[in-house]
Amino acid sequence: MKVFITGSNGLVGYSLRSVIQNIFEKSESIPDIEYVFSARTDLDLMNEHAVNSRFEQERPDIVVHLASRVGGLFDNIENNYTMLTTNSRLNMNIIEACKKYNVKCLINVLSTCIFPANAKHPLRSKNIYDGESHSSNRGYAMSKQLLHTASKILSKTTDTKVINLIPTNLYGIHDNYNIKTGHVIPALINKILIAKRECSSLFVSGDGKDIRQFLHAEDLSRVIVEFIKKFKSGKLDSFTDCIVSPPKNKRITIKGLVELLCHTMGYDGDVVYVPNDKNITGQKSKISDDKELRKHFKDFQLTPLKEGLKRTCDYVMSVDPNILRR
(Lines give C-alpha, C1' and ligand atoms only; values in the text may rest on other atoms or scores of the structure.)
Protein backbone atom coordinates (compact mmCIF):
# COMPACT_ATOMS: atom_id res chain seq x y z
CA MET A 1 0.00 0.00 0.00
CA LYS A 2 1.33 3.43 -0.95
CA VAL A 3 0.55 6.68 0.91
CA PHE A 4 1.26 9.95 -0.89
CA ILE A 5 1.64 13.02 1.34
CA THR A 6 1.48 16.63 0.14
CA GLY A 7 2.90 19.58 2.09
CA SER A 8 5.59 17.47 3.70
CA ASN A 9 7.80 20.47 4.53
CA GLY A 10 5.11 22.20 6.57
CA LEU A 11 4.37 22.07 10.28
CA VAL A 12 2.29 18.88 10.15
CA GLY A 13 4.32 17.40 7.30
CA TYR A 14 7.58 17.50 9.27
CA SER A 15 5.80 16.13 12.31
CA LEU A 16 4.23 13.29 10.32
CA ARG A 17 7.67 12.37 8.95
CA SER A 18 8.95 12.08 12.51
CA VAL A 19 5.98 10.00 13.71
CA ILE A 20 6.27 7.60 10.78
CA GLN A 21 10.05 7.32 11.21
CA ASN A 22 9.53 6.31 14.83
CA ILE A 23 7.06 3.62 13.73
CA PHE A 24 9.58 2.23 11.25
CA GLU A 25 12.36 2.23 13.84
CA LYS A 26 10.25 0.35 16.39
CA SER A 27 8.89 -2.20 13.90
CA GLU A 28 10.42 -5.67 14.08
CA SER A 29 9.09 -6.57 10.63
CA ILE A 30 9.14 -4.88 7.24
CA PRO A 31 6.27 -2.33 7.19
CA ASP A 32 3.71 -3.01 4.48
CA ILE A 33 3.09 0.71 3.80
CA GLU A 34 5.26 2.86 1.56
CA TYR A 35 5.15 6.58 2.40
CA VAL A 36 5.98 9.12 -0.30
CA PHE A 37 6.53 12.68 0.93
CA SER A 38 6.08 15.57 -1.47
CA ALA A 39 6.70 19.31 -1.04
CA ARG A 40 6.48 22.38 -3.26
CA THR A 41 10.15 21.95 -4.14
CA ASP A 42 9.35 18.81 -6.12
CA LEU A 43 5.69 19.31 -7.06
CA ASP A 44 3.77 22.48 -7.92
CA LEU A 45 0.22 21.72 -6.81
CA MET A 46 -1.03 24.77 -8.71
CA ASN A 47 0.02 23.02 -11.95
CA GLU A 48 -2.70 20.54 -12.89
CA HIS A 49 -0.50 18.78 -15.45
CA ALA A 50 2.31 18.34 -12.91
CA VAL A 51 -0.11 16.93 -10.34
CA ASN A 52 -1.58 14.44 -12.81
CA SER A 53 1.88 13.36 -13.96
CA ARG A 54 2.96 12.71 -10.36
CA PHE A 55 -0.18 10.72 -9.60
CA GLU A 56 0.34 8.73 -12.80
CA GLN A 57 3.85 7.94 -11.59
CA GLU A 58 3.03 7.13 -7.96
CA ARG A 59 -0.44 5.55 -8.25
CA PRO A 60 -1.12 6.06 -4.53
CA ASP A 61 -3.72 4.11 -2.59
CA ILE A 62 -4.05 6.84 0.05
CA VAL A 63 -3.47 10.58 -0.26
CA VAL A 64 -2.82 12.69 2.84
CA HIS A 65 -3.40 16.27 1.73
CA LEU A 66 -1.54 18.67 4.03
CA ALA A 67 -0.41 21.32 1.56
CA SER A 68 -1.94 24.74 2.03
CA ARG A 69 -1.15 28.46 1.90
CA VAL A 70 -1.43 29.38 5.57
CA GLY A 71 -0.73 32.35 7.81
CA GLY A 72 -1.60 34.12 11.01
CA LEU A 73 -4.30 36.72 11.63
CA PHE A 74 -2.63 39.66 9.90
CA ASP A 75 -1.42 37.56 6.97
CA ASN A 76 -4.95 36.27 6.41
CA ILE A 77 -6.47 39.74 6.53
CA GLU A 78 -3.94 41.20 4.13
CA ASN A 79 -4.11 38.24 1.73
CA ASN A 80 -7.70 37.04 1.94
CA TYR A 81 -8.06 36.86 -1.85
CA THR A 82 -4.80 34.97 -2.34
CA MET A 83 -5.72 32.54 0.43
CA LEU A 84 -8.97 31.81 -1.39
CA THR A 85 -7.64 31.44 -4.92
CA THR A 86 -4.37 29.64 -4.19
CA ASN A 87 -5.86 27.08 -1.83
CA SER A 88 -8.95 26.50 -3.98
CA ARG A 89 -6.84 25.75 -7.05
CA LEU A 90 -4.41 23.38 -5.39
CA ASN A 91 -7.23 21.64 -3.48
CA MET A 92 -9.24 21.02 -6.64
CA ASN A 93 -6.17 19.71 -8.47
CA ILE A 94 -5.77 17.11 -5.72
CA ILE A 95 -9.47 16.18 -5.80
CA GLU A 96 -9.41 15.80 -9.58
CA ALA A 97 -6.28 13.64 -9.45
CA CYS A 98 -7.81 11.42 -6.75
CA LYS A 99 -10.83 10.90 -8.99
CA LYS A 100 -8.82 10.30 -12.16
CA TYR A 101 -6.38 7.83 -10.61
CA ASN A 102 -8.88 5.96 -8.41
CA VAL A 103 -7.34 6.82 -5.06
CA LYS A 104 -8.88 4.58 -2.42
CA CYS A 105 -8.72 7.01 0.49
CA LEU A 106 -8.23 10.79 0.80
CA ILE A 107 -7.33 12.34 4.14
CA ASN A 108 -7.74 16.13 4.22
CA VAL A 109 -6.66 18.51 6.96
CA LEU A 110 -9.11 21.40 7.33
CA SER A 111 -9.34 23.96 10.14
CA THR A 112 -11.82 25.13 12.76
CA CYS A 113 -11.76 28.52 11.02
CA ILE A 114 -14.24 27.08 8.49
CA PHE A 115 -17.02 27.33 11.08
CA PRO A 116 -19.43 30.28 11.14
CA ALA A 117 -18.27 33.29 13.12
CA ASN A 118 -21.36 32.97 15.32
CA ALA A 119 -21.23 29.17 15.64
CA LYS A 120 -22.46 27.56 18.82
CA HIS A 121 -19.80 26.12 21.12
CA PRO A 122 -18.49 23.53 21.35
CA LEU A 123 -18.10 23.26 17.60
CA ARG A 124 -19.61 20.29 15.75
CA SER A 125 -18.66 19.24 12.21
CA LYS A 126 -22.34 19.10 11.24
CA ASN A 127 -22.53 22.89 11.68
CA ILE A 128 -19.85 23.87 9.16
CA TYR A 129 -22.32 25.52 6.77
CA ASP A 130 -24.60 27.21 9.31
CA GLY A 131 -23.34 30.72 8.50
CA GLU A 132 -20.48 32.87 7.25
CA SER A 133 -16.99 32.39 8.58
CA HIS A 134 -15.19 35.24 10.30
CA SER A 135 -14.18 38.06 7.94
CA SER A 136 -10.56 37.97 9.11
CA ASN A 137 -9.86 34.62 7.40
CA ARG A 138 -12.85 34.15 5.10
CA GLY A 139 -10.73 33.45 2.01
CA TYR A 140 -8.88 30.59 3.66
CA ALA A 141 -12.05 29.30 5.31
CA MET A 142 -14.01 29.22 2.03
CA SER A 143 -11.20 27.35 0.27
CA LYS A 144 -11.39 24.70 2.99
CA GLN A 145 -15.18 24.58 2.70
CA LEU A 146 -14.75 23.97 -1.01
CA LEU A 147 -12.35 21.12 -0.25
CA HIS A 148 -14.86 19.68 2.20
CA THR A 149 -17.74 19.89 -0.28
CA ALA A 150 -15.77 18.55 -3.24
CA SER A 151 -14.39 15.62 -1.26
CA LYS A 152 -17.85 14.74 0.03
CA ILE A 153 -19.19 14.64 -3.53
CA LEU A 154 -16.15 12.56 -4.51
CA SER A 155 -16.99 10.02 -1.81
CA LYS A 156 -20.59 9.78 -3.05
CA THR A 157 -19.78 9.42 -6.74
CA THR A 158 -16.67 7.19 -6.60
CA ASP A 159 -15.23 4.46 -4.38
CA THR A 160 -12.85 6.92 -2.68
CA LYS A 161 -13.26 7.05 1.08
CA VAL A 162 -12.74 10.52 2.57
CA ILE A 163 -11.59 11.63 6.01
CA ASN A 164 -11.75 15.33 6.84
CA LEU A 165 -9.74 16.13 9.96
CA ILE A 166 -10.61 19.49 11.52
CA PRO A 167 -7.92 20.47 14.05
CA THR A 168 -8.03 23.40 16.38
CA ASN A 169 -5.04 25.82 16.45
CA LEU A 170 -1.86 23.87 15.73
CA TYR A 171 1.66 24.46 17.01
CA GLY A 172 4.96 22.58 17.11
CA ILE A 173 8.69 22.84 16.57
CA HIS A 174 8.62 23.10 12.76
CA ASP A 175 6.32 26.12 12.73
CA ASN A 176 6.66 29.47 10.93
CA TYR A 177 8.12 31.86 13.52
CA ASN A 178 7.85 34.97 11.38
CA ILE A 179 6.16 37.64 13.51
CA LYS A 180 4.14 39.01 10.60
CA THR A 181 2.97 35.81 8.91
CA GLY A 182 3.16 33.20 11.68
CA HIS A 183 0.38 31.95 13.93
CA VAL A 184 0.02 33.18 17.48
CA ILE A 185 2.31 30.75 19.35
CA PRO A 186 5.36 30.88 17.05
CA ALA A 187 5.01 34.64 16.59
CA LEU A 188 4.89 35.15 20.37
CA ILE A 189 7.90 32.87 20.87
CA ASN A 190 9.91 34.99 18.46
CA LYS A 191 8.76 38.21 20.12
CA ILE A 192 9.76 36.91 23.54
CA LEU A 193 13.20 35.90 22.27
CA ILE A 194 13.72 39.40 20.87
CA ALA A 195 12.51 41.03 24.11
CA LYS A 196 14.90 38.84 26.13
CA ARG A 197 17.82 39.60 23.84
CA GLU A 198 17.18 43.34 23.81
CA CYS A 199 16.10 43.55 27.49
CA SER A 200 12.95 45.31 26.33
CA SER A 201 9.24 45.14 27.04
CA LEU A 202 7.09 42.54 25.27
CA PHE A 203 4.35 44.15 23.18
CA VAL A 204 1.31 42.01 22.41
CA SER A 205 -1.45 43.09 20.02
CA GLY A 206 -4.98 43.16 21.45
CA ASP A 207 -6.26 42.93 25.00
CA GLY A 208 -5.31 39.30 25.65
CA LYS A 209 -8.92 38.27 26.30
CA ASP A 210 -9.47 36.11 23.20
CA ILE A 211 -9.98 32.44 24.05
CA ARG A 212 -8.31 29.63 22.12
CA GLN A 213 -7.39 25.95 22.26
CA PHE A 214 -4.14 24.51 20.97
CA LEU A 215 -3.17 21.13 19.56
CA HIS A 216 0.39 19.84 19.17
CA ALA A 217 1.14 18.97 15.53
CA GLU A 218 2.50 15.59 16.59
CA ASP A 219 -0.92 14.69 18.01
CA LEU A 220 -2.59 15.43 14.69
CA SER A 221 0.09 13.37 12.92
CA ARG A 222 -0.63 10.41 15.19
CA VAL A 223 -4.35 10.78 14.46
CA ILE A 224 -3.58 10.63 10.73
CA VAL A 225 -1.63 7.41 11.22
CA GLU A 226 -4.48 5.93 13.25
CA PHE A 227 -6.97 6.71 10.48
CA ILE A 228 -4.66 5.05 7.94
CA LYS A 229 -4.70 1.94 10.14
CA LYS A 230 -8.47 2.16 10.38
CA PHE A 231 -8.78 2.33 6.60
CA LYS A 232 -6.50 -0.69 6.23
CA SER A 233 -8.65 -2.68 8.62
CA GLY A 234 -11.78 -1.95 6.58
CA LYS A 235 -13.50 -0.19 9.48
CA LEU A 236 -13.94 3.20 7.84
CA ASP A 237 -17.13 4.82 6.55
CA SER A 238 -17.18 6.31 3.06
CA PHE A 239 -17.11 9.85 4.49
CA THR A 240 -15.87 10.95 7.91
CA ASP A 241 -15.58 14.37 9.55
CA CYS A 242 -13.60 14.52 12.76
CA ILE A 243 -12.76 17.57 14.87
CA VAL A 244 -9.39 17.01 16.53
CA SER A 245 -9.18 19.04 19.69
CA PRO A 246 -8.45 18.91 23.40
CA PRO A 247 -11.48 18.79 25.73
CA LYS A 248 -13.50 22.01 25.89
CA ASN A 249 -12.20 22.79 29.38
CA LYS A 250 -8.62 22.86 28.04
CA ARG A 251 -8.86 26.40 26.76
CA ILE A 252 -6.76 29.43 27.47
CA THR A 253 -6.87 33.19 26.97
CA ILE A 254 -4.15 34.82 24.93
CA LYS A 255 -3.05 36.54 28.13
CA GLY A 256 -2.77 33.17 29.85
CA LEU A 257 -0.81 31.83 26.88
CA VAL A 258 1.60 34.78 27.02
CA GLU A 259 2.17 34.23 30.73
CA LEU A 260 2.83 30.53 30.18
CA LEU A 261 5.28 31.21 27.35
CA CYS A 262 7.11 33.89 29.33
CA HIS A 263 7.49 31.53 32.28
CA THR A 264 8.64 28.67 30.02
CA MET A 265 11.22 30.86 28.28
CA GLY A 266 12.43 32.65 31.38
CA TYR A 267 11.26 36.14 30.40
CA ASP A 268 10.43 38.36 33.38
CA GLY A 269 10.14 41.75 31.68
CA ASP A 270 7.08 43.95 31.23
CA VAL A 271 4.23 42.73 29.03
CA VAL A 272 2.26 45.49 27.33
CA TYR A 273 -1.05 44.83 25.56
CA VAL A 274 -1.72 47.36 22.81
CA PRO A 275 -4.61 47.76 20.36
CA ASN A 276 -3.35 47.47 16.80
CA ASP A 277 -3.56 50.62 14.72
CA LYS A 278 -5.94 49.06 12.19
CA ASN A 279 -8.40 47.81 14.81
CA ILE A 280 -7.94 44.30 13.40
CA THR A 281 -9.41 41.50 15.46
CA GLY A 282 -10.07 37.81 15.08
CA GLN A 283 -12.81 35.76 16.71
CA LYS A 284 -13.06 36.43 20.44
CA SER A 285 -13.76 32.78 21.22
CA LYS A 286 -13.43 29.52 19.30
CA ILE A 287 -14.08 26.42 21.41
CA SER A 288 -14.28 22.79 20.33
CA ASP A 289 -13.95 19.51 22.23
CA ASP A 290 -12.69 15.94 21.87
CA LYS A 291 -16.10 14.26 21.45
CA GLU A 292 -15.64 13.43 17.76
CA LEU A 293 -12.05 12.25 18.28
CA ARG A 294 -13.12 9.96 21.15
CA LYS A 295 -15.80 8.44 18.92
CA HIS A 296 -13.02 6.95 16.78
CA PHE A 297 -10.17 6.58 19.28
CA LYS A 298 -11.50 6.40 22.81
CA ASP A 299 -8.15 6.29 24.62
CA PHE A 300 -6.09 8.59 22.41
CA GLN A 301 -3.64 10.61 24.53
CA LEU A 302 -3.11 14.29 23.70
CA THR A 303 -0.03 16.28 24.65
CA PRO A 304 -0.75 18.71 27.53
CA LEU A 305 -0.24 22.33 26.43
CA LYS A 306 2.40 23.03 29.09
CA GLU A 307 4.47 20.02 27.99
CA GLY A 308 4.08 20.78 24.28
CA LEU A 309 5.09 24.41 24.72
CA LYS A 310 8.18 23.42 26.71
CA ARG A 311 9.28 21.03 23.96
CA THR A 312 8.69 23.71 21.34
CA CYS A 313 10.44 26.48 23.27
CA ASP A 314 13.39 24.24 24.17
CA TYR A 315 13.84 23.44 20.49
CA VAL A 316 13.62 27.08 19.41
CA MET A 317 16.12 28.25 22.02
CA SER A 318 18.59 25.58 20.90
CA VAL A 319 18.70 26.48 17.19
CA ASP A 320 20.23 29.24 15.12
CA PRO A 321 18.11 32.42 15.57
CA ASN A 322 18.07 32.84 11.78
CA ILE A 323 15.57 29.99 11.55
CA LEU A 324 13.02 32.29 13.17
CA ARG A 325 13.27 34.94 10.48
CA ARG A 326 11.82 32.95 7.60
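Up top is the structure these notes are about.
Since this is a predicted model, take the numbers as computed values, not measurements.

Novice: Is there a simple way to explain the environment of serine 136 in this structure?
Specialist: Considering the arrangement of structural elements, one finds serine 136 in the loop between strand S4 (105-109) and helix H5 (138-157). Remark: the alpha-carbon pair of serine 136 and leucine 45, spanning 91 residues in sequence, is separated by 25 Å. Within the structure, the side chain of serine 136 is placed 2.8 Å from the side chain of histidine 134, a separation counted as a polar contact.

Novice: Explain the side chain of aspartate 241 to me, please; I cannot follow it from the model alone.
Specialist: As for its placement among the helices and strands, aspartate 241 is situated in strand S10 (residues 239-244). Lacking a salt bridge, the buried aspartate 241 has lysine 152 as its closest oppositely charged neighbour, with an N-O distance of 5.9 Å. At 2.9 Å, the side chain of aspartate 241 forms a polar contact with the side chain of histidine 148. The contacts of aspartate 241, once residues within four sequence positions are left out, are Ser125, His148, Asn164, Glu292 and His296.

Novice: I keep staring at the sheet that holds S10 and nothing clicks. Help me out?
Specialist: Where strands meet in a sheet, backbone hydrogen bonds hold them as pairs that are either parallel or antiparallel. Sheet architecture is open: six strands sit in the order S2-S1-S3-S4-S5-S10, paired in parallel fashion. Strand pairing shows two members of the sheet lacking a second neighbour, strand S2 (34-37) and S10, which therefore form its edges. Taken over all neighbouring pairs, the strand axes of this sheet differ in orientation by 15° on average, direction set aside. As judged from the four bridges shared by strand S3 (residues 62-65) and S4, these two strands associate in the parallel manner. Bridged to valine 63 within S4 is leucine 106. Contacting strand S1 (2-6), S2 and S3, helix H1 (residues 11-26) runs over the sheet at an angle of about 155° to S2. Across the sheet, helix H4 (residues 80-100) is in contact with S1, S3 and S4; its angle to S3 comes to roughly 175°.

Novice: Just checking my understanding: could you explain the pairing of strand S5 (residues 161-167) for this structure?
Specialist: On a regular strand, each side chain points to the face opposite its neighbour's, so the side chains alternate between the two faces of the sheet. Counted residue by residue, S5 has six buried out of seven residues, so it is predominantly covered. With five bridges joining them, S4 and S5 adopt parallel strand pairing. Its bridge partner being in S5, cysteine 105 is matched across the sheet by lysine 161. The handedness of the S4 to S5 crossover, carried by H5, is right-handed. As defined by bridge partners, S5 adjoins S10 across six bridges and the pair is classed as parallel. Bridging across to S10, valine 162 finds its partner in phenylalanine 239.

What counts, and where the lines are drawn
- Residues numbered from 1 in each chain as written.
- Predicted model: local features only at pLDDT ≥ 70, side-chain atom pairs only at ≥ 80, totals over all residues.
- Heavy atoms only, no water.
- Helix = DSSP H or I, 4+ residues; strand = E, 2+ residues; numbered from the N terminus.
- Polar contact = N/O pair within 3.5 Å; in protein donor to acceptor, adjacent residues only side chain to side chain.
- Buried < 20%, exposed > 50% of the residue type's maximum accessible area, 1.4 Å probe, protein only.
- Lys, Arg positive; Asp, Glu negative; His and termini not counted.
- Salt bridge = Lys/Arg side-chain N within 4 Å of Asp/Glu carboxyl O.
- Contact = heavy atoms within 4.5 Å.
- Pairing = 2+ DSSP bridges.
- Axes fitted to C-alpha atoms, helices over the stretch in contact; angles between N-to-C directions.
- Right-handed = clockwise from strand over helix to strand, strands pointing away.

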